[in-house]
Amino acid sequence: MKALVDRVIEGVARARAPKEPPVPAGPVVEGDDTLERPACPLCGNTRARPLVVARDTWVEGRGTYSVVRCEVCAHRYTTPRFKEHCKHLAFEGDYPFYTRAREVKAGRRVDRAEARRPFEGRADRLRSVTSQAGRVLDIGCGDGFFLDAMRVRGWAVTGTDVEADVVWHAQTQLGIEATVLDLEEDALPAGPFEAVTMWGVAQLLYRPQRAFEKVAAVLADDGILAIGVSNIDSTGARLFGPRWRGLGLPRHLSHFTPGTLTRVLEWSGFEVVRIHHETPRWIVAHSADDALVGPVATAAKAALVPALGVAGRTRYGDTMEVYARRISRSRARVATMAETP
Ligand SMILES: [Zn+2]
């Protein structure tokens, strides 16, 4: 077993050896109007240290991007990134989260209970931090099966997504009230909601704090904001480096840790009440496929999937769900008055 572990570590180390140029990376060229080198999306400072350089694992041959660490607030973010007016370029290709809705449009039948199953756990966890069922808004609702799972639990459900095909699916196939809109550009559906959920959305935001404040405005007093993102402080991120699938470059603009996500939520008027970690099998399997080849890859997956699955339940898991309670308007006012000299 020890020999196998040693081979795995050696293989990963070889795969991690730098093959790409140091920061600055990526195809920012004179006159290119699509890419920019941003300041820190959380604090606005420009001093940052390089962490990792990685390629786009989704669209072949589209260049490399860096993840850097802000020297002021420790936030990790992507540079260069697509400018906001052409952010759709990051989602070119057959983006997997939209595939099923398009297949349904073409005549595929989907078993609803089966499609809801991956969302049952987070639906239960959201229920565990809310006092009673109410209205829930899912921003980035996809084809709607998380909301279907919430509706089964007695909630009134509303969804939004930037993509028309998945909104069509949620509306016509599941009968869910859903609209096409962009959280950073458009007005949100009218609140108050007892819960707002953002699964796989926060890492795509150009201005996270402003977006969370916008969500706070449609939440009920003491309402819950639930955010699901990958965790760049995870064992998988450290082990696989540029090959870690949680990086999602260049689509993920921010790479949160439990600490940096908690901090920006506090800046936005929330208090974190629960963090749940997991290491999904697919992240380990795909990262190992990318980093290792041949028999080593097979052995690595056999060894790593269960090992990282166990580590995944700790704060070193590859993904995290953060549940934050909106600080009620009266409590926020009292806090502000207490701080006034
Ligand atoms: Zn910063």
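So, a few notes on the structure that sits alongside this text. As the structure is a prediction and not an experimental result, all values here were calculated from the model.

Things to note about the nonpolar core
- One finds Phe146, Met150, Ala170, Val196, Phe212, Leu225 and Ile227 to be the most contacted residues of the largest nonpolar core, which totals 76 residues.
- Dropping the residues within four chain positions of it, alanine 170 is found in contact with Cys141, Asp143, Gly144, Leu147, Gly159, Ile176 and Ala178.

Remarks on the sheet that holds strand β13 (residues 319–326)
- Across the sheet, which stays open at both edges, the seven strands sit in the order β8-β7-β6-β9-β10-β13-β12 with mixed pairing between neighbours. Whereas interior strands pair on both sides, the edge strands pair on one side only; in this sheet they are β8 (177–180) and β12 (270–278). Pairs of neighbouring strands in the sheet enclose a mean axial angle of 15°, with direction left out of account.
- When strand β10 (residues 219–230) meets β13, the two strands line up antiparallel, connected through seven bridges. Counted as the bridge partner of glycine 228 is glutamate 321 from β13.
- Along the sheet face, helix α5 (residues 145–152) touches β6 (135–139), β7 (156–161) and β9 (193–199) and points at about 170° away from the line of β7.
- Sheet strands touched by helix α7 (residues 208–218): β6, β9, β10, β12 and β13. Its angle to β10, the strand with the most contacts, is close to 145°.

Some points on the packing of helix α10 (residues 281–291) against helix α11 (residues 294–311)
- It is at 9 Å that the axes of α10 and α11 come closest, and there the two elements cross at 150°. The orientation of α10 relative to α11 falls into the category roughly antiparallel. Here α10 runs over α11; the crossing is right-handed. Side by side, α10 and α11 meet where Arg281, Val284, Ala285, Ala288 and Asp289 of the first sit next to Ala297, Ala300, Lys301, Leu304, Val305 and Leu308 of the second.
- Tallied by class, residues from the contact of α10 with α11 come to eight nonpolar, no polar and three charged.

Remarks on the pairing of β8
- Sheet topology places β7 next to β8; four bridges connect them, and they run parallel. When the bridges of β8 are listed, threonine 158 appears paired with glutamate 177.
- Between β7 and its parallel partner β8, the chain crosses via helix α6 (residues 164–174), and the hand of that crossover is right-handed.

About the thresholds
- Residues numbered from 1 in each chain as written.
- Predicted model: local features only at pLDDT ≥ 70, side-chain atom pairs only at ≥ 80, totals over all residues.
- Core = buried A, V, L, I, M, F, W, Y, C linked by C-beta atoms within 7 Å.
- Buried ≥ 20, exposed ≤ 12 C-beta atoms within 10 Å, placed from the backbone.
- Contact = placed C-beta atoms within 7 Å.
- Pairing = 2+ DSSP bridges.
- Helix = DSSP H or I, 4+ residues; strand = E, 2+ residues; numbered from the N terminus.
- Axes fitted to C-alpha atoms, helices over the stretch in contact; angles between N-to-C directions.
- Parallel < 35°, antiparallel > 145°, perpendicular 65-115°, else oblique.
- Left-handed = near helix turned anticlockwise from the far one by under 90°.
- Nonpolar A, V, L, I, M, F, W, Y, C, P; charged D, E, K, R; others polar.
- Right-handed = clockwise from strand over helix to strand, strands pointing away.

Geometry only, nothing functional implied.
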